[in-house]
Amino acid sequence: MNNTVTVLKCEKYDADLILTKMNEAWELCGGKDSLNVSGKKVLLKPNVLSDAAVSKAATTHPEFLRAAIRFCKTHGAAEIFAGDSPGFQKPGFKAKNCGLYNICKDEEVEWYDFSQKNITLACPEGQMVKQFVVSDIYEKADVIISLPKLKTHQLMFFTGAVKNQFGMIPGLLKSSFHMRFPNRNDFAAMIVDLHSALKPSFAFIDGITSMEGPGPGNGIPKETNLMLASSNLVALDAAACRIIGYDPDIIPILRNAIDRELWLVNSNDYEIKGLSIEEAKIENFQKIRLTGSNNQLKDFLIPRFLRRFRYNLNPKPFFSKSKCIRCGACIKICPAKALEISKTEKMVKIDYTKCIRCFCCHEVCPEDAIVVKRTPGTSGLVS
Ligand code: SF4
Ligand code: SF4
């Protein structure tokens, strides 16, 4: 498998500049041997975690999508679609707030609604899952180009090209996987299963403005001025991890993918073109602190008094009374049904004995009203 990763400087969200960089990166990755869109139907898959404002850097930047559309047009794509499915979305979702929908309109590209129709995707090599339900766009597209944002992730520590494919599973169907696989490593294996089932693709990572700190929804935008590209998404994520200071060997998705030896045989088994890892390295990138298993279900084997102690030490979500607008998004997405509106306090109330620490609530909160921290406490409220 082609394991070339290209890393380039890209200082601003200017579609012409990004297109130039995309062309350069594509050539360095092997040109048509690494990605050939000529005469093909192409799905461009940005990361639309939630329809947040561009300034939050939670989603792929609209000008990055514009450049990718123009890249496909330049290289003779027959048809281009763009779309994604946030965890919490209504049917007919259009990514207007984050600017992606309007770019599609400008460029006369169809914004595809992933909730329209589902199909079953076989996953013969799956360790955890033998078939997935995905949007029918998968059948319509010949090629998928992933356009992830370079970000931290509370549960998976890092989110890049491989994790971005989770969006192929429509809307709330995604959160049910957290109940099926509450253990972080099992969840990572499921994501890699999905990667093994999807057709070969290519990815350009938007690392011009990245997200550090408590990502993927409410972290801190950071100017990192980079674009990364590869047809080997595991190699690409391994390189991106090194650039922000994570060891890919301890990132659960990459650890599982590398162990399968389908894409890389070790975490350095790729060829870097453009900038070296050292040249691209982002100093002091705020990362999520690594923790072990988050398997709360297994904890039921632990005596109750020790369990309570352990719950209090594990990172968990806390809800800010002053920031919460009671929109209910966290309640709707919570796969463990651990949240409700307290009638007395008129505020979100959490039952920590049900919470599986998936942090879906933190991802979808539009007001940054949820913090994930270790501080002991059982009320679930912060000021
Ligand atoms: S915590 Fe966030 S997602 Fe939940 S109800 Fe409040 S504002 Fe909405
Ligand atoms: S409360 Fe939040 S972290 Fe806990 S299970 Fe629900 S969505 Fe996941």
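Residues numbered from 1 in each chain as written. Chains lettered and ligands numbered in written order. Predicted model: local features only at pLDDT ≥ 70, side-chain atom pairs only at ≥ 80, totals over all residues.

Participant: Teacher, can you tell me more about the overall build of the chain here?
Facilitator: Looking only at helices and strands, the chain features 13 helices and 17 strands. Taking 21 Å as the expected radius of gyration for a compact globule of 383 residues, we find that the chain reaches 20 Å, a close match to that expectation. Taking the principal axes of its C-alpha atoms as reference, the chain extends roughly 60 × 40 × 40 Å. A buried classification covers 50% of the 383 residues belonging to the chain. (Helix = DSSP H or I, 4+ residues; strand = E, 2+ residues; numbered from the N terminus. Rg over C-alpha atoms; globule rule 2.2 N^0.38 Å. Buried ≥ 20, exposed ≤ 12 C-beta atoms within 10 Å, placed from the backbone.)

Participant: What am I meant to see in the site of ligand 1 here?
Facilitator: Taken together, 14 residues lie near ligand 1, and Cys324, Cys327, Ala329, Cys330 and Cys365 sit nearest. For the shell around ligand 1, the per-class residue count stands at 11 nonpolar, 1 polar and 2 charged. (Near = placed C-beta within 6 Å. Nonpolar A, V, L, I, M, F, W, Y, C, P; charged D, E, K, R; others polar.)

Participant: Would you mind showing me how to read the site of ligand 2 here?
Facilitator: The immediate surroundings of ligand 2 are formed by 13 residues, with Cys334, Ala336, Cys355, Cys358 and Cys361 found nearest. By residue class, the composition of the shell around ligand 2 is 12 nonpolar, no polar and 1 charged.

Participant: I keep staring at helix H9 (residues 252-260) and nothing clicks. Help me out?
Facilitator: Given 3.6 residues to a turn, an α-helix orients residues that are three or four positions apart in the same direction. Residues of H9 that are buried: Pro252, Ile253, Leu254, Asn256, Ala257 and Ile258. In this structure, the buried side of H9 is in contact with helix H5 (161-164), helix H7 (184-197) and helix H8 (233-244). Remark: glutamate 261 follows H9 within two positions and exhibits a positive phi of approximately 55°. (Contact = placed C-beta atoms within 7 Å.)

Participant: Before we go on, may I ask you to explain the packing of helix H1 (residues 15-29) against helix H2 (residues 62-74) in this structure?
Facilitator: Two measures define how a pair of helices packs: the angle their axes make with one another and the distance between the axes. Close contact between H1 and H2 brings their axes to 8 Å; oriented N to C, the two are set at 55°. By the criterion of interaxial angle, the relationship of H1 to H2 is oblique. Along this stretch, H1 crosses H2, giving a crossing that reads as right-handed. Contact residues: H1 offers Ala15, Ile18, Leu19, Met22 and Asn23, while H2 offers Glu63, Phe64, Arg66, Ala67, Ala68, Arg70 and Phe71. Of the residues contributing to the contact of H1 with H2, the split by class is 8 nonpolar, 1 polar and 3 charged. (Axes fitted to C-alpha atoms, helices over the stretch in contact; angles between N-to-C directions. Parallel < 35°, antiparallel > 145°, perpendicular 65-115°, else oblique. Left-handed = near helix turned anticlockwise from the far one by under 90°.)

Participant: For this particular structure, what's the right way to read the nonpolar core?
Facilitator: The tendency in soluble globular proteins is for nonpolar side chains to be buried as a group. Judged by nonpolar contacts, the single largest core of 118 residues is most densely connected at Leu44, Ala68, Met227, Leu228, Leu236, Ala239 and Cys361. The element best represented in this core is H8, accounting for 10 residues. Those residues within four positions of leucine 44 in sequence are excluded, and the remaining contacts are Leu65, Ala68, Ile69, Ile80, Ala82, Ile145 and Leu147. (Core = buried A, V, L, I, M, F, W, Y, C linked by C-beta atoms within 7 Å.)

Participant: Explain the pairing of strand S11 (residues 220-230) to me, please; I cannot follow it from the model alone.
Facilitator: The side chains of a regular strand alternate, first on one face of the sheet and then on the other. Pairing analysis gives 5 bridges linking strand S1 (residues 4-9) to S11, with the strands arranged antiparallel. Residue pairing for S11: threonine 6 is matched across the bridge by alanine 229. Bridge analysis of strand S10 (residues 202-212) against S11 gives 9 bridges, and the strand direction is antiparallel. The residue bridging threonine 209 from the neighbouring strand is glutamate 223, located in S11. (Pairing = 2+ DSSP bridges.)

Participant: It is not clear to me how the sheet that holds strand S16 (residues 370-373) should be interpreted in this structure. Could you clarify?
Facilitator: Here we have 3 strands laid out as an open sheet, ordered S16-S13-S17, and mixed in their pairing. Sheet topology places S16 and strand S17 (381-382) at the edges, where each strand pairs with a single neighbour. The sheet contact formed by strand S13 (residues 316-320) and S17 spans 2 bridges and is parallel. The residue bridging phenylalanine 319 from the neighbouring strand is leucine 381, located in S17.

Participant: Mind showing me how you'd approach the domain arrangement of the chain here?
Facilitator: Buried accessible area, meaning the area lost when the parts come together, often serves as the stated size of an interface. Assigned domains within the chain: domain 1 (4-280) and domain 2 (298-382). At the junction of the two partners, domain 1 supplies 16 residues and domain 2 supplies 16 residues. Among the residues forming the side of domain 1 that touches domain 2, the class breakdown is 8 nonpolar, 8 polar and no charged. (Domains from an automatic or database assignment.)

Participant: What am I meant to see in H7 here?
Facilitator: If you check H7, its first and last C-alpha atoms are 20 Å apart, about what 14 residues at 1.5 Å a residue would give, namely 20 Å. Taken as a whole, H7 has its buried residues at Arg184, Phe187, Ala188, Ala189, Met190, Ile191, Val192, Asp193, Leu194, His195 and Ala197. Buried positions along H7 lie against strand S5 (118-122), strand S6 (131-135), H5, helix H6 (173-180), H8 and H9. (Expected span 1.5 Å × (residues − 1).)

Participant: Teacher, can you tell me more about the environment of glycine 328 here?
Facilitator: Counting through the fold element by element, glycine 328 comes out in the loop between S13 and helix H12 (329-333). Each C-alpha atom, one on glycine 328 and one on arginine 357, is 18 Å from the other, the two residues being 29 residues apart in sequence.

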